[in-house]
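Observations on the three-dimensional arrangement
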Amino acid sequence: MLENRKILLCVSGGIAVYKAVALVSKLSQAGASVKVIMTESAQQFVQPLTFQVMSRNDVYTDTFDEKDSSVIAHIDLADWADLIIVAPGTANVIGKLANGIGDDMVTTTLLAATAPIWIAPAMNVHMYDHAAVKRNLQQLHEDGIRFIEPSEGFLACGYVGKGRLEEPEKITELVKDYFTREHKLSGKKVVVTAGPTRERIDPVRFLTNFSSGKMGYAMAGAAAEMGAETILISGPVSLPVPSGVTRIQVESAEDMLKAVEAHFDTANYVVKTAAVADYRPKAIANQKMKKQEGGSTIELERTVDILKQLGQQKKNQVLIGFAAETNDVSKYAKEKLTRKNADYIIANDVSEAQAGFESDTNRVTVFGKNDFEQAFDMMPKQQLARQLFEMITDKEESYDS
Ligand code: CTP
C-alpha cells in the first residue's frame, strides 16, 4: 500500500524510541521506503544500527557527517521525503521546532522541510500538560503541523495518563489513510465558507453569532490535504490558515456572497460551513448611535440565502450545506436539502455537548438525495472533515461511473 512512498522518521530521545523501531518495521512491511534521523539522546536508548537494519538505509545522526559529498544531507533528506514523522516527539524537539531552532540533524532537517510534518508526542503526563509545552504545540499547530495525539495509559515514569506514544500499528494506519486520500481531489477546486458574518449596526457595533469557524477550517484543510485547489472564504475568526489553502477574508453576508460568486463557476465542490446571518440592519448608522431614555428598535432585513442562490445557479458543482439545529434535526435537514437544492446537508444538533460551535469535536449526520442518510460518530473536527470528504468523493465517483 505504501509502495514508492518515501517516509523520513525523526527519532528524538524518549523511552518510546523502542516503539519507533517497530514503526520502521511496519512502514517498511507496507512497502514504504524509510530513512531515519536520530537525535543524540535517542541514541542513548537504541543504537543507530537497529534502525539501519530495520530500514535498510543509512541512519543520520550528525549534521556535519556528510555521507555523500555531492549533497548537503539535511537539505537532501528534507527534499527526499513525501512525509516526515517525528516519533517519539519529545518536549525538547517540539520546543525547538516551535521556536525555529536548528541545532542538530533532526531540527535542521525539519526546518528545511517542505513535505508535511507529523509529530507523535510522547512524554510524562505533567510535561505534556506544562504551559510551555502547550504553547509550543499550539504554535506548531498554527504552523500547519499535524499531531498524532498520544494515548492514555501506563507511562514508563510510573504515572498513568496521557503521554504514551501512539501504537506503531495505529500510526501506520494513519499514514496509509493519508496516502490513499492524498490525490482524491487532485485537479478539483473546492470552495469552503467558514465562520460567522458581521452585520454592521454603526461604526462600533454589529450583529453576529457564535460560530468559531473550526469546522469550516477543518473542511478546507482536509480538501487541501486531498489535493484540491482550496479557497476558504472566511468571516472574522482567529484561526490559522490550514496549509495549502488560499483564504479570502470577508465580513458581511453580502461580502461572502460576492466572494463565493467569483469562484462558483470554476468550483467542483462548494461547502457552505459558514453561519451566515439571516438578517442585517436595514440601515447602517454613519456615526456611533447614542443611548437614549427607554428602549430602542433596530429594523432588520433579510440577507441573501447564499446556499439557496447557488442551488438555483448550479450546473455540475456539488453543493454541500450545513445545518445547525437544536431540535428535529432530521426533519429540518431534509427540508433544507430540498428547499436549497443542495446535494448534501451535513446536520448537527448544536444542543448536544461537544458538538456545538466552539467545540473541537462534532457529531453529524449527512443527508443526501434519494433518502441517503449516514451518521458519523463524535470525533475531532479535523478527523471528521477528512471522513466527510472521503465519503462524499466516494459517493460522487459512484454516480459518475
Ligand atoms: N446559509 C447561506 N446564506 C444564508 C443563511 C444560511 O448560505 N443567508 C447556508 C449556511 O451556510 C448553511 C445552510 O445555509 O450551509 C444552513 O444554514 P441555516 O442558518 O441553518 O439555514 P436556514 O435555512 O437559514 O435555517 P433556519 O430555517 O433554521 O433559519
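Since the structure is predicted, the reported quantities are computational estimates derived from the model, not experimental observations.

Quick word on the packing of helix H10 (residues 214–225) against helix H14 (residues 381–400)
The interhelical angle for the contact between H10 and H14, taken along N-to-C directions, is 55°, at an axis separation of 8 Å. In terms of axis orientation, H10 runs oblique to H14. For the pair H10 and H14, the sense of crossing is right-handed. Together, Lys214, Met215, Ala218, Met219, Ala222, Ala223 and Glu225 of H10 and Lys381, Gln382, Leu384, Ala385, Arg386, Leu388 and Phe389 of H14 make up the contact between the two elements. Here the residues of the contact of H10 with H14 are counted per class, giving nine nonpolar, one polar and four charged.

Topic: the domain arrangement of the chain
The domains assigned to the chain are domain 1 (6–181) and domain 2 (189–286 + 295–400). Averaged C-alpha coordinates put domain 1 and domain 2 at centres separated by 35 Å. Listed per partner, the contact involves six residues of domain 1 and seven residues of domain 2. When domain 1 packs against domain 2, close to 660 Å² is buried across both sides, 54% of that on carbon and sulfur atoms.

Remarks on the pairing of strand S18 (residues 344–349)
Counting buried residues in S18 gives five out of six residues, a clear majority hidden from the surface. The sheet contact formed by strand S17 (residues 318–325) and S18 spans six bridges and is parallel. By the bridge assignment for S18, alanine 324 is matched with asparagine 348. At this point the chain moves from S17, through helix H13 (residues 329–339), to the parallel S18, and the crossover so formed is right-handed. Here S18 runs beside strand S20 (residues 365–368); their pairing, made up of four bridges, is antiparallel. Bridge pairing in S20 links tyrosine 344 to glycine 368.

Re the sheet that holds strand S12 (residues 229–234)
An order of S13-S12-S9-S14-S17-S18-S20-S21 is seen for the eight strands of this open sheet, with the pairing classed as mixed. Two strands close off the open sheet at either side, each with one partner strand: strand S13 (245–249) and strand S21 (372–375). This sheet shows a mean twist of 15° between the axes of neighbouring strands, independent of strand direction. Sheet strands in contact with helix H11 (residues 253–264) are strand S9 (189–194), S12, S13, strand S14 (269–272) and S17, and its direction is about 175° off that of S9.

Observations regarding the sheet that holds strand S3 (residues 59–60)
Taken together, the six strands give an open sheet; going across it, the order is S3-S2-S1-S4-S5-S6, and neighbouring strands pair in parallel fashion. On the outer flanks of this sheet lie S3 and strand S6 (146–147), each paired with one strand and no other. Inspection of the sheet shows strand S5 (residues 117–121) paired to S6 by two bridges, in the parallel sense. Counted as the bridge partner of tryptophan 118 is arginine 146 from S6. Sitting on the sheet, helix H1 (residues 17–29) touches strand S1 (6–11), strand S2 (33–38) and strand S4 (83–89), and the angle it makes with S1 is about 175°.

Here is what the cut-offs are and how they apply
- Residues numbered from 1 in each chain as written.
- Predicted model: local features only at pLDDT ≥ 70, side-chain atom pairs only at ≥ 80, totals over all residues.
- Heavy atoms only, no water.
- Axes fitted to C-alpha atoms, helices over the stretch in contact; angles between N-to-C directions.
- Helix = DSSP H or I, 4+ residues; strand = E, 2+ residues; numbered from the N terminus.
- Parallel < 35°, antiparallel > 145°, perpendicular 65-115°, else oblique.
- Left-handed = near helix turned anticlockwise from the far one by under 90°.
- Contact = heavy atoms within 4.5 Å.
- Nonpolar A, V, L, I, M, F, W, Y, C, P; charged D, E, K, R; others polar.
- Domains from an automatic or database assignment.
- Buried area = accessible area lost by both parts, 1.4 Å probe.
- Buried < 20%, exposed > 50% of the residue type's maximum accessible area, 1.4 Å probe, protein only.
- Pairing = 2+ DSSP bridges.
- Right-handed = clockwise from strand over helix to strand, strands pointing away.

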